[in-house]
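A structural walkthrough
Each chain, letter by letter, is given below.
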Amino acid sequence: MAGAVGSSLVGAGARRRSIAVEEPRWLRYVLTTVALLFVLVFLILPLGTVFYEGLKKGWDVYLASLVEPDALAALKLTLLIAGLSVPLNIVFGVAAAWAITKFQFRGKQLLITLIDLPFSVSPIIAGLIFVLLFGAQGWFGPWLQAHDIKIIFAVPGIVLATIFVTFPFVARELIPLMQAQGSEEEEAAITLGASGWAMFWRVTLPNIKWGLLYGVILCNARAMGEFGAVSVVSGHIRGMTNTLPLHVEILYNEYQFAASFAVASILSILALVTLILKTLLEWRVQQQLTQPSN
């Protein structure tokens, strides 16, 4: 009897604590409404406006703006820059995360700080740094001119600027993940006679694959949408060094509003695809986390 009374008192106390910490229903409605209004005003309406303005003059004008030679060249260059910078950032991100989480060495904290540097430096400043280094009047400019090597106002400069602003994404996704996992499995693999490469491909990579994919998605999205640093080093040469964001700016400044919004819609579609992939990846990771408990 006393046990039943005690358990009922405990249950009543738990219910009271639950009621005490549960927020009022009106507060939940208010917060939800504010969040939905914020998403509507600052995300959905601007995105819808891009497609509306791009299609306002009809499908013929919209499609003509997309297949125009300068637009196609900008699209190809954007994909090329992403295709070059993202794999390089994968190599750097995995190597940096491996070094930081698996080894102790002098300058480790400095390396972590340098990885975060692009988050705090304006992309415009990043572009100016490369101009200072590789421009005609830069530190290496005379040597590059003497050997007929073009970096600034050419594809190599755009790749360098894009790599600079995007390289934290992969490393920053992997470092906390690899720290949480520890190194016990790698040590066990080495003990069993696995080589370094075998350990990486069979143990490390399967453990970090979802975090790596997440970092790659974010890195690719930033690479395709980067404007500031690329604007400084590109020279805005139409059909040659203009990426999609730069081409949108030029069309808008020339009062070709329908064409500029049409090209901007391609960037919006790429952003939506990135968001969908990100959501699917998060759902897949959540499924894997909850699967063992089922």
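None of the values given here were measured: they were computed from a predicted structure. (Residues numbered from 1 in each chain as written. Predicted model: local features only at pLDDT ≥ 70, side-chain atom pairs only at ≥ 80, totals over all residues. Heavy atoms only, no water.)

1. Digging into the overall build of the chain
- Looking only at helices and strands, the chain has 14 helices and zero strands in total.
- Helices (α) and strands (β) of the chain occur, in sequence order from the N terminus, as α-α-α-α-α-α-α-α-α-α-α-α-α-α.
- Taking 294 residues into account, the globule formula puts the C-alpha radius of gyration at 19 Å, and the chain, at 26 Å, lies well above it.
- Here the chain holds 294 residues, and the buried ones make up 34% of them.
- Distance between charge centroids for the chain: 9 Å, based on 19 positive and 17 negative side chains. (Helix = DSSP H or I, 4+ residues; strand = E, 2+ residues; numbered from the N terminus. Rg over C-alpha atoms; globule rule 2.2 N^0.38 Å. Buried < 20%, exposed > 50% of the residue type's maximum accessible area, 1.4 Å probe, protein only. Lys, Arg positive; Asp, Glu negative; His and termini not counted. Charge placed at Lys NZ, Arg CZ, Asp CG, Glu CD.)

2. Let's talk about the UniProt feature "transmembrane region" (unreviewed entry) in the chain
- With numbering aligned to this structure, UniProt lists the feature "transmembrane region" (unreviewed entry) at residues 26–52, 72–98, 110–139, 151–171, 212–237 and 257–277.
- The distance from the first to the last C-alpha atom of residues 72–98 is 39 Å, and the span holds 100% helix and 0% strand.
- The span residues 110–139 is 77% helix and 0% strand, and its two end C-alpha atoms sit 25 Å from each other. (UniProt positions renumbered as here; feature names shortened; annotations may be inferred.)

3. Some points on helix 8 (residues 155–166)
- The terminal C-alpha atoms of helix 8, which comprises twelve residues, lie 16 Å apart, in line with the 16 Å expected from a rise of 1.5 Å per residue.
- The buried fraction of helix 8 is high, at nine of twelve residues.
- Within helix 8 the residues assigned to the buried category are Gly157, Ile158, Val159, Ala161, Thr162, Ile163, Phe164, Val165 and Thr166.
- The elements touched by buried residues of helix 8 are helix 4 (69–102), helix 5 (108–120), helix 6 (123–134), helix 9 (168–181), helix 11 (196–225) and helix 12 (228–234). (Expected span 1.5 Å × (residues − 1). Contact = heavy atoms within 4.5 Å.)

4. Some thoughts on the UniProt feature "domain: ABC transmembrane type-1" (unreviewed entry) in the chain
- The UniProt record marks residues 75–278 with the feature "domain: ABC transmembrane type-1" (unreviewed entry), using the residue numbering of this structure.
- End C-alpha atoms of residues 75–278 are separated by 22 Å, and the span's content is 79% helix alongside 0% strand.

5. Structural notes on the packing of aromatic side chains
- Inspection of every chain in the model, using the stated rule, returns eleven aromatic pairs.
- Ring geometry for Phe130 against Phe164: centres 6.1 Å apart, planes inclined by 85°, an arrangement best described as edge-to-face. Of the two residues, Phe130 is situated in helix 6 and Phe164 in helix 8; the sequence distance between them amounts to 34 residues.
- A residue is classified by how much of its surface remains accessible, and Phe130, at 12% relative accessible area, is buried.
- Through pairs of rings, three or more aromatic residues link up here, namely Phe92, Phe130, Phe134, Phe140, Phe164 and Phe167.
- A cation sits over an aromatic face here: Lys102 above Trp98, 6.0 Å from the ring centre. (Phe/Tyr/Trp six-rings, centres within 6.5 Å; stacked < 30°, edge-to-face > 60°. Lys NZ or Arg CZ within 6 Å of the ring centre and 35° of its normal.)

6. Side note on the nonpolar core
- Formed by 44 residues in total, the largest nonpolar core has its most connected members in Ile115, Leu174 and Leu212.
- When residues of this core are traced back to their parent elements, those giving at least two are helix 4, helix 5, helix 6, helix 8, helix 9, helix 11 and helix 12.
- Looking at this core element by element, the count peaks at ten residues for helix 11.
- The contact partners of Leu212, leaving out residues within four places of it in the chain, are Ile90, Val94, Val170, Leu174 and Leu205.
- Ranked by size, the runner-up nonpolar core spans nine residues in total, among them Leu244, Val248, Leu251 and Val263. (Core = buried A, V, L, I, M, F, W, Y, C linked by side-chain atoms within 4.5 Å.)

7. A short note on unusual backbone geometry
- For Phe153, which is not a glycine, the phi torsion comes out positive at approximately 65°.
- Along the polypeptide, Phe153 turns up in the loop between helix 7 (141–146) and helix 8.
- Accessibility expressed as a relative area gives 43% for Phe153, which makes it partly exposed.
- A positive phi angle is found at His236, which is not glycine, with a value near 55°.

8. So, a nonpolar patch on the surface
- A cluster of nonpolar side chains, contributed by Leu37, Phe38, Val39, Leu40, Val41, Phe42, Leu43, Ile44 and Leu45, occupies part of the molecular surface with about 840 Å² of accessible area.
- Relative to the helices and strands, Leu43 is located in helix 2 (residues 25–55). (Patch = residues over 30% accessible without salt bridge, like charges linked within 9 Å, V, L, I, M, F, W, Y side chains within 5 Å. Areas by Shrake-Rupley, 256 points an atom, 1.4 Å probe, with all protein chains shown as cover. Salt bridge = Lys/Arg side-chain N within 4 Å of Asp/Glu carboxyl O.)

9. Observations concerning the domain arrangement of the chain
- For the chain, the domain assignment lists domain 1 (22–55) and domain 2 (58–290).
- When each unit is reduced to the centre of its C-alpha atoms, the spacing between domain 1 and domain 2 is 29 Å.
- With six residues of domain 1 at the contact, the number on the domain 2 side is eleven residues.
- In total, about 760 Å² of surface goes out of reach between domain 1 and domain 2, with carbon and sulfur atoms giving 78% of it.
- The largest contributions to the domain 1 side of the interface with domain 2 come from Val50, Phe51 and Leu55, which together make up 59% of the buried area.
- Scanning the region where domain 1 abuts domain 2 turns up zero salt bridges.
- Scanning the region where domain 1 abuts domain 2 turns up one residue pair in polar contact (both at pLDDT 80 or more). (Domains from an automatic or database assignment. Buried area = accessible area lost by both parts, 1.4 Å probe. Polar contact = N/O pair within 3.5 Å; in protein donor to acceptor, adjacent residues only side chain to side chain.)

10. Some words on the side chain of Glu53
- Structurally, Glu53 can be placed in helix 2.
- At 3.1 Å, the side chain of Glu53 forms a polar contact with the side chain of Lys56.
- Ignoring sequence-local partners within four residues, the contact set of Glu53 consists of Ala258 and Phe261.

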